[in-house]
Amino acid sequence: MRSIDRFANKFADKTLDKVSGMTRRQVLRSSLAAGVSAGLAALLPGAAAAQTSGATAGSVRVLTNSHWGAFEAIVSEGRLTGVIPFAADTHPSPMIQNFPALVTDRTRIAQPMVREGWLRRRLDSDRTARGSEPFVAVGWDEALDLVAEELTRIRAAYGHESVFGGSYGWGSAGRFHVSDNLTNRFLALTGGYTGSVGNYSYGAGMVLLPRVLGSNQAISGPLTNWSVIAEHSDLVVLFGGAAFKNGQISWGGTGAHTTEPAMRAAHAAGVKFVSVNPVREDDAETVGADWLKIRPNTDTALMLALCHELLSGGKADEAFLARCTVGWERVKAYLTGESDGVAKSADWAATITQIPAEEIRALAARMARGRTMIMTAWSLQRADHGEQPWWATILLASVLGQIGLPGGGFGFSYTSTNGVGMPVGGHSFPSPRRGRNPVKRDIPVARVADMLLQPGETVDFNGREVTYPEIRYIHWAGGNPFHHHQDLNRLSRAWAVPETIVVQEPWWTATARRADIVLPVTTTLERNDIGASVRDRWVVAMKQAIAPVGQARNDFDILADLAERFDQRAAFTEDRNEMQWLRHIWDRGRQRGARSGLTMPDFDTFWAEGAFEVPAGNEDFVFLADFRADPEGNRLRTPSGRIELFSETISGFGYADCPGHPAWLEPREWLGAAAQTQAAPLHLISSHPRLRLHSQMDNAPLARAAKIAGREPVMIHPEDAAARGIEAGEVVEIFNARGRLLAGATLTERVRPGVIVVYEGAWLDRDPERGLDRHGNPNMVTADHGTSSLTQGCAAQSCLVQLRRHDGPAPPVRAFEPPATVRSPAP
Ligand SMILES: Nc1nc2c(c(=O)[nH]1)N[C@H]1C(S)=C(S)[C@@H](COP(=O)(O)OP(=O)(O)OC[C@H]3O[C@@H](n4cnc5c(=O)[nH]c(N)nc54)[C@H](O)[C@@H]3O)O[C@H]1N2
Ligand SMILES: Nc1nc2c(c(=O)[nH]1)N[C@H]1C(S)=C(S)[C@@H](COP(=O)(O)OP(=O)(O)OC[C@H]3O[C@@H](n4cnc5c(=O)[nH]c(N)nc54)[C@H](O)[C@@H]3O)O[C@H]1N2
Ligand SMILES: [Mo]
């Protein structure tokens, strides 16, 4: 590897030095002293190996990348024995230490498998037995023949749209082995499929923002840099922050973790933080944030009241509003109550948010006093009417009038994923194309169960209507819907609809267990790839470290063999093997880079060196500065060319659940709904997990060590626990009309009374008779409906439940026990 000095210099990110006034080394030392970083150790020669078990004489180190961070895999006699964080990463995620146990865990799928009932009886098999029947191990040729036969039969009988290839999910890092792209590519080449659009992360936001701001730059960046925030912001108001836990991860690969050091540096530079959150995240404490413990799902009311306070106090920036926005007069009439008879005052919002009116007034005054940056998390829009808190964020920033000024304005991703607000520029690498899909029938991604259960029905979506096709075949690769989708009892009913379900997976996840044909896939350590993310400055040569485990194969090779059965191999592979694809991807990325003035080495040099550091981009970048300076010359791509506080387009759709301007609309489920809270008096928040990525790595040591009584922890306020006679460490049951789950109680004053938190992603261990998950997946109780007719996003965060102690012996958890396999189908 490279020497410490070279790294210290290279990673001497001017940003941090400028804001902290410290040298790079001091920054590293101080964060280490604060106990947050193992990174400095990794920069010191020898120290890295010493702190990592498994490095022995004769072992080799192989650099690779992952969603959790880049690392060197230590390989000894063909086995992965340890992991060393990438030397340039000062804040590596502890999760990378999971890999040695994870790749050979007993939950790996050893070879292709077919559900016994399906193999024996095909169409007459009991489809509700998916997930409980044993599997029959088969050879690769037999498995792929079965897949090809089924696809052909079903397409011939019901048409190509009866094949669902929506296949949503995070898969693994790397530009080449992108499982859902490759699946779509195969299905498109062989006739087409019903696909999906959008995502679960910010499905409501990504449909709304193009109409309000003309693009999704406020999510995907570039956003105002942290260095600018550190220098110019007086105050950062975090709606749904700060959660360093989420900054551990970035889709596509993470060379260096920057969120936490950037926020710490801003704090050190004197920026003040306010965290509006039903949960006191300890990371907010790290940056000294004041905590406003808002009632869940009520941020829109708070934001409207802040606007009302600014307006009534003469602090609304009328000049900015007139020059850069449209619709202010209509919104003003709504804020004052002229249009609906209700003034959106601090007193009004206090009863909704349960934040005292004087605190709301004080916050409004504080925001107007200096330069204020508003950061709103993705989680806020993963709720009923999820577009409203985002639109209200833009309204509030517009009323403050600091959009486009250094350190002012807003942004949506700062605390939701790594690398946001860091100067990165000039590089992007293609993946194999999905190809042209002859079937033009995409559903909003989070409406998958509706589609399966309601074929022929029509749903509103972003000004058009989507009619659900009748699905007979599902092909899923790189996602785990039996973790990620809402109301898993309902999804179980929907999952019994298709005739055949094929899943490509490395591990026996809940979804793999519920397939008819299971095709085992390699992990990133068992193949070659290029790790790159637009949010990260490191492009990493991800070199194969170990041989495929069991009979696992790459998604690419599986799908190429399937394509061959349709005479499409050459079209699928473009006559390239893995390394030829990597060379092609690199060359294309290099050409793109050249167009934006970036000089990159040739592929062989990159591969030999192991990593390429993209130079820092413009570190003084301020989001919407050009637009503010000249709104006419730099029009936004909205109908008016300005920020649409009122949208004629959205208003024209006539959706009752999404009017033409930001508005407070009661969620279907929230703590202010007296009729509901009798049976379900607690609001369940299912945030993203600290010790895993969704369901990935739940089967690994870190997450498993954090279980309570073998189950996913639930955070409960001591008052709520006492009222139910619950003590720490006990097994509790969380339930509502949709379903139930068992979890392990932790008592903490970090949650607001009336709120409980269960992280998403525990591997499902469902008892079908009782509609109960024994292990603690919160999607057993979340509601499965769209955010609104406009956006149809995932609304998991609007969920009321009840809680009680589980009396008597708790059932054992079998989530990590592979399903039974039988040798051959019984006669
Ligand atoms: N209640 C609740 N539910 C939520 C959320 C929430 O906040 N609350 N958040 C939602 C959000 S934002 C998201 S993004 C989703 C995430 O949902 P998913 O993306 O479905 O979650 P993962 O667990 O990352 O699933 C990825 C799967 O891909 C597999 N995999 C990894 N690498 C490969 C590969 O190379 N090939 C193949 N074939 N498979 C591979 C992994 O083993 C894993 O099973 O969850 C959503 N669900
Ligand atoms: N470690 C880890 N990091 C991840 C992921 C992971 O699975 N694990 N997943 C990645 C993905 S796919 C995504 S989409 C992002 C998700 O990023 P986010 O959506 O931002 O993450 P969450 O953890 O769901 O929620 C963030 C914060 O919002 C708060 N919150 C919830 N409801 C409300 C509310 O009504 N009002 C207010 N004010 N706050 C609320 C929660 O308490 C939490 O502190 O994270 C990414 N990063
Ligand atoms: Mo996400």
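Definitions and cut-offs
Residues numbered from 1 in each chain as written. Chains lettered and ligands numbered in written order. Predicted model: local features only at pLDDT ≥ 70, side-chain atom pairs only at ≥ 80, totals over all residues. Heavy atoms only, no water. Domains from an automatic or database assignment. Contact = heavy atoms within 4.5 Å. Buried area = accessible area lost by both parts, 1.4 Å probe. Salt bridge = Lys/Arg side-chain N within 4 Å of Asp/Glu carboxyl O. Pairing = 2+ DSSP bridges. Helix = DSSP H or I, 4+ residues; strand = E, 2+ residues; numbered from the N terminus. Axes fitted to C-alpha atoms, helices over the stretch in contact; angles between N-to-C directions. Phe/Tyr/Trp six-rings, centres within 6.5 Å; stacked < 30°, edge-to-face > 60°. Buried < 20%, exposed > 50% of the residue type's maximum accessible area, 1.4 Å probe, protein only. Core = buried A, V, L, I, M, F, W, Y, C linked by side-chain atoms within 4.5 Å. Parallel < 35°, antiparallel > 145°, perpendicular 65-115°, else oblique. Nonpolar A, V, L, I, M, F, W, Y, C, P; charged D, E, K, R; others polar. Near = heavy atom within 4 Å. Polar contact = N/O pair within 3.5 Å; in protein donor to acceptor, adjacent residues only side chain to side chain. Areas by Shrake-Rupley, 256 points an atom, 1.4 Å probe, with all protein chains shown as cover.

Draft legend 1. Region of interest: the domain arrangement of the protein chain. Looking at the assigned domains, one finds that the protein chain contains domain 1 (113–201 + 442–520 + 548–578), domain 2 (203–425 + 622–653) and domain 3 (674–805). A straight line from the C-alpha centre of domain 2 to that of domain 3 covers 28 Å. Contacts between domain 2 and domain 3 engage 33 residues on the former and 26 residues on the latter. Note on domain 2 versus domain 3: buried area summed over both sides is about 2300 Å², and carbon and sulfur give 54% of it. Between the two partners, domain 2 and domain 3, sit two salt bridges.

Draft legend 2. Representation of the sheet that holds strand β8 (residues 235–239) within the structure. Pairing within the open sheet is parallel, and its five strands lie in the order β10-β9-β8-β12-β13. Looking at strand neighbours, the two that pair on one side only are β10 (290–292) and β13 (409–411), the edges of this open sheet. Neighbour to neighbour, the strand axes of the sheet diverge by 20° on average, direction disregarded. In the sheet, strand β12 (residues 372–376) pairs with β13 via three bridges, with the strands oriented parallel. Each residue of the ladder has a partner; that of Ile374, found in β13, is Phe410. Strands in contact with helix α15 (residues 299–312) are β8, β9 (272–276) and β12; relative to β8, the strand with the most contacts, it is inclined by about 145°. Its contacts with the sheet put helix α20 (residues 387–400) on β8, β12 and β13, and the angle it makes with β12 is roughly 175°.

Draft legend 3. Quick peek at the packing of aromatic side chains. For the coordinates displayed, the defined rule picks out 27 aromatic pairs. Ring plane angle 80° and centroid distance 5.5 Å describe the contact between Trp226 and Tyr414, whose orientation is recorded as edge-to-face. Note that Trp226 is positioned in helix α12 (residues 226–232) and Tyr414 in the loop between β13 and β14 (442–444), a separation of 188 residues in sequence. Note on accessibility: Trp226 and Tyr414 belong to one class, buried. Seen from their ring centres, Phe410 and Phe623 are 5.7 Å apart, and the 75° between their planes marks the pair as edge-to-face.

Draft legend 4. Molecular detail of the environment of His717. Topologically, His717 is positioned in the loop between β25 (713–716) and α33 (718–722). When the C-alpha atoms of His717 and Arg752 are compared, they prove to be 6.6 Å apart, with 35 residues separating the residues in sequence.

Draft legend 5. Quick peek at the nonpolar core. Counting 147 residues, the largest nonpolar core has Trp226, Phe239, Phe273, Trp328, Phe410 and Ile643 as its most contacted members. If we skip the residues at most four places from it in the chain, Phe273 touches Trp226, Leu235, Val236, Leu238, Met263, Ala266, His267, Val287, Gly288, Ala289 and Asp290. In this structure, Val114, Val539, Phe572 and Trp586 belong to the second largest nonpolar core, which totals 49 residues.

Draft legend 6. Here's a closer look at the packing of α15 against helix α17 (residues 328–336). Two elements in contact, α15 and α17, have axes whose closest approach is 10 Å; the angle formed by their N-to-C orientations is 100°. Regarding the angle of α15 to α17, the classification is roughly perpendicular. In this structure, α15 contributes Leu304, Cys307, His308 and Leu311 to the contact, and α17 contributes Trp328, Lys332, Tyr334, Leu335 and Thr336. Residues belonging to the contact of α15 with α17 are distributed by class as follows: six nonpolar, two polar and one charged.

Draft legend 7. Structural view of the pattern of salt bridges. Taken as a whole, this structure holds 45 salt bridges when the rule is applied. Asp807 is the salt-bridge partner of Arg805, the closest N and O atoms lying 3.1 Å from each other. If you follow the salt bridges from partner to partner, you end up with Glu150, Arg153, Glu470, Arg472 and Glu499 in one network.

Draft legend 8. Focus on the site of ligand 2. For ligand 2, the set of nearby residues contains 31 residues, the closest of which are Lys245, Glu281, Asp299, Arg382 and Ser416. Between ligand 2 and Gly240 there is a distance of 3.5 Å, counted from an oxygen atom to a backbone nitrogen or oxygen. In this structure, a nitrogen atom belonging to ligand 2 sits 2.9 Å away from a main-chain N or O atom of Val276. Protein chains bury 99% of the 920 Å² of accessible surface belonging to ligand 2 in isolation. Taken together, the residues of the shell around ligand 2 sort by class into 13 nonpolar, twelve polar and six charged. Taken domain by domain, the shell around ligand 2 gets at least three of its residues from each of domain 2 (203–425 + 622–653) and domain 3 (674–805).

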